[in-house]
Amino acid sequence: MRDRGAGVSRGHSRRGASRPKARTLEAVNRNESLERVMRQKIQLELALGSEGKGEARTAAPGRTEARAAAPVTENPAAVGPSMKAVVERDNVRKALAQVRRNKGAPGVDEMSVADLARHLKDHWLEIKAQLLAGIYRPQPVRRVEIPKPTGGVRALGIPTVLDRFIQQAVLQALQADWDPTFSEASFGFRPGRSAHQAVARAQEYIAAGYGWVVDIDLEKFFDRVNHDILMGLVAQRVSDRRRLRLIRGFLTAGVMAQGLVGPTDEGTPQGGPLSPLLSNLVLDVLDKELERRGHRFVRYADDCNIYVRSRRAGERVMASVASFLTGRLKLRVNAAKSAVDQPKHRKFLGFSFKIGAVPKRRIAPAALDRFKERVRDLTRRDCGNALDTITKNLARYLIGWRGYFGFSELPSELRSLDKWIRRRLRAIAWKQWKRGRKRYKELRRRGVDHDLAARTAGSGAQRFLHRPRPAFPRGPGHIIQ
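Residues numbered from 1 in each chain as written. Predicted model: local features only at pLDDT ≥ 70, side-chain atom pairs only at ≥ 80, totals over all residues. Heavy atoms only, no water.

1. Observations regarding the sheet that holds strand β6 (residues 296–300)
And step 1. Reading across from one edge, β6-β7-β3-β8 is the order of the four strands in this open sheet, with antiparallel pairing throughout. Whereas interior strands pair on both sides, the edge strands pair on one side only; in this sheet they are β6 and β8 (339–341). Adjacent strand axes in the sheet meet at a mean angle of 15° when their direction is disregarded.
And step 2. In this sheet, strand β7 (residues 303–308) lies alongside β6 in antiparallel orientation, the contact comprising five bridges. Bridge pairing in β7 places Tyr300 opposite Asp303.
And step 3. This element, helix α12 (residues 275–293), spans β6 and β7 of the sheet and lies at about 175° to β6.
And step 4. Sitting on the sheet, helix α13 (residues 311–329) is in contact with β3 (212–217), β7 and β8, with an inclination near 25° to β3. (Pairing = 2+ DSSP bridges. Helix = DSSP H or I, 4+ residues; strand = E, 2+ residues; numbered from the N terminus. Axes fitted to C-alpha atoms, helices over the stretch in contact; angles between N-to-C directions. Contact = heavy atoms within 4.5 Å.)

The structure is reproduced here in structure tokens:
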């Protein structure tokens, strides 16, 4: 019986050996694929911080299953909320309201901000499911070039309205966690901080005796951010792979220019809500290094000023920081725009400083030149518009400009500009009145003496000098004061 059983076993083995080996390899590969899928699923659940379920949840502490199912992420330093925080109801409502306030131009799909709410009403459940599954793919951005005040052009990437909405939702979920970790010397694109605060901080350093500035300008910073370095920094703060994949998708979505879509291998396109936060994340590495070295500095976006006591110290700092930026962040310093100089010879966020016993803020000469160029364009005497229309258009520009540059501590600059603008408006009125009779009447309406009005109006009104003075009404009051 033993021999017959053994024979049967040997016969069974021979029959099994005669089967094609391909079927066995296929089964092994299928099992390996299933194991790999299950392993990825378990890692994803652990990264999301979800509790274990089933046997692993209730197993005894000494058993292998319980230790394998412990909720430990692959990167213990990675923190942050999951994708559920992005698509949470209050967060998306706030994001939609912000996109509406920002307005902005359509992207490559030509959808306007006004159409966004209707689109979300019809498709939000589908979009939400794609975000939660990690399969949402952003569309390419539309390339727009705008002239720089100093020459050249600045390339902007305008995402679609839907992508701007999703970026805003991601921004709101990330900024609350990231912003408190940024440097106190960083003032750009951060809630509760402004350019005026950055200029005031620089003024404090100058008053404390740091009379030389290392003015660092990064060459095409937003166009040359290294994606791998950036995503490595993001991964230190975000554990949800779906969010990492989404942020990487925004960076590599591509750019449409002249009807063709090209790849984006580096840079964070300016124009999306998420770009400023990502730029701050990259440059926070520089901030932390400058703090470690004990420097006094102020940074607003990619404008960084370091204050030292001597030119020699400034040149040493400039060389060291440029080397750090190139080696650590793969960024380059623009040698043509960067310099070591006294603050009165440099501009920072449109301001310069008048050095004295107490340094005072003043408007930088370059900012004054741009202002006058803009005002000249708005007050051309041959534009063909009525004076009221010209003053309304001018007022819109002046209110915003005055709101920012009114931070200057030299009121004489503003008074001088005010006189200059009034002269230009008077020149427009004088040209539009054209003839002497009209000019004489308008001057008299404004209370000008008869003799002076007649002499000023020109030869066409000289006859009014020897005639009885007409009783012109004063009118509604002075147009130009």
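And the narrative resumes.
2. Brief notes about the nonpolar core
Within soluble globular proteins, side chains that are nonpolar tend to cluster in buried spots.
And step 1. Of all hydrophobic cores here, the largest spans 68 residues; its most connected members are Phe165, Ile166 and Ile216.
And step 2. Among the elements that take part in this core, helix α8 (residues 161–178) stands out by supplying ten residues, more than any other.
And step 3. If you look at the next biggest cluster of nonpolar residues, it comprises 42 residues, including Val213, Tyr300, Leu378 and Leu414. (Core = buried A, V, L, I, M, F, W, Y, C linked by side-chain atoms within 4.5 Å. Buried < 20%, exposed > 50% of the residue type's maximum accessible area, 1.4 Å probe, protein only.)

3. So, the environment of Leu281
And step 1. Its location among the elements puts Leu281 in helix α12.
And step 2. The exposure class assigned to Leu281 is buried, which follows from its relative accessible area of 3%.
And step 3. Along the chain, Leu281 and Thr181 lie 100 residues apart, while their C-alpha atoms are 9.7 Å from each other.
And step 4. Discounting chain neighbours no more than four positions away, the residues touching Leu281 are Trp178, Phe182, Leu230, Leu233, Val234 and Arg237.

4. A short note on helix α14 (residues 365–378)
And step 1. Taking 1.5 Å of rise per residue, the 14 residues of α14 would be expected to cover 20 Å, and the 20 Å separating its terminal C-alpha atoms lies within 8% of that figure.
And step 2. All of the buried residues in α14 are Ala367, Leu368, Phe371, Val375 and Leu378. Angular distribution of buried residues about the axis of α14 spans 100°; they occupy a single face of the element. Turned more than 90 degrees away from the buried face of α14, the exposed residues are Asp369 and Glu373. (Expected span 1.5 Å × (residues − 1). Arc of directions from axis to C-beta.)

5. Description of empty space enclosed by the protein
And step 1. According to the stated counting rule, one finds three cavities of 30 Å³ or more in the structure shown.
And step 2. In this structure, the largest cavity occupies an estimated 100 Å³ of space.
And step 3. Lining of the largest cavity is provided by Val141, Gly157, Pro159, Gln167, Phe250, Leu251, Thr268, Pro269, Gly272, Leu274, Ser275 and Leu278.
And step 4. Of the residues that constitute the lining of the largest cavity, the class distribution is seven nonpolar, five polar and no charged. (1 Å grid on protein atoms, 1.4 Å probe; cavity = no way out; pocket = protein on both sides within 12 Å on 5 of 7 lines; lining within 4 Å. Points joined across faces, edges and corners; volume = space filled by probe spheres on them. Nonpolar A, V, L, I, M, F, W, Y, C, P; charged D, E, K, R; others polar.)

6. Observations concerning the environment of Leu290
And step 1. On the secondary structure map, Leu290 appears in helix α12.
And step 2. Remark: the alpha-carbon pair of Leu290 and Ala185, spanning 105 residues in sequence, is separated by 10.0 Å.
And step 3. With near-sequence residues (within four places) excluded, Leu290 lies in contact with His295, Phe297, Cys304, Ile306 and Val321.

7. Thoughts on unusual backbone geometry
And step 1. Its identity as a non-glycine residue notwithstanding, Glu110 has a phi of 65°, on the positive side.
And step 2. Checked against the element boundaries, Glu110 lands in the loop between α6 (89–102) and α7 (113–133).
And step 3. The exposure class of Glu110 is exposed, given its relative accessible area of 59%.
And step 4. Even without being glycine, Ala301 reaches a positive phi, approximately 55°.
And step 5. With respect to the secondary-structure elements, Ala301 resides in the loop between β6 and β7.
And step 6. The exposure class assigned to Ala301 is buried, which follows from its relative accessible area of 7%.

8. Notes on the confidence of the model for the protein chain
Detailed reading of the predicted model is not advised wherever pLDDT is low.
And step 1. Counting all residues, the mean pLDDT for the protein chain is 81, and 77% of those residues have values of 70 or more.
And step 2. Scored below 50 in pLDDT, residues 39–78 makes 31 contacts in the model with residues more than four places away or belonging to other chains.
And step 3. In the model, residues 459–481 has pLDDT below 50 throughout and makes 37 contacts with residues more than four positions away in sequence or in other chains. (pLDDT = per-residue confidence, 0-100.)

9. Observations concerning the packing of helix α17 (residues 436–445) against helix α18 (residues 450–457)
And step 1. One can describe the packing of α17 onto α18 by two numbers: an axis separation of 8 Å at closest approach and a directional angle of 145°. In the crossing of α17 with α18, the sense of the turn from one axis to the other is right-handed. Contacts between α17 and α18 involve Gly436, Arg439, Tyr440, Leu443 and Arg444 from the former and His450, Ala453, Ala454, Thr456 and Ala457 from the latter.
And step 2. Here the residues of the contact of α17 with α18 sort into five nonpolar, three polar and two charged. (Left-handed = near helix turned anticlockwise from the far one by under 90°.)

10. Notes on the environment of Arg444
And step 1. Looking at the secondary structure, you find Arg444 in helix α17.
And step 2. Taking the C-alpha atoms as reference, Arg444 lies 9.1 Å from Ala454; in sequence the two are ten residues apart.
And step 3. A polar contact is formed between the side chain of Arg444 and the backbone oxygen of Val448, at a distance of 2.7 Å. (Polar contact = N/O pair within 3.5 Å; in protein donor to acceptor, adjacent residues only side chain to side chain.)

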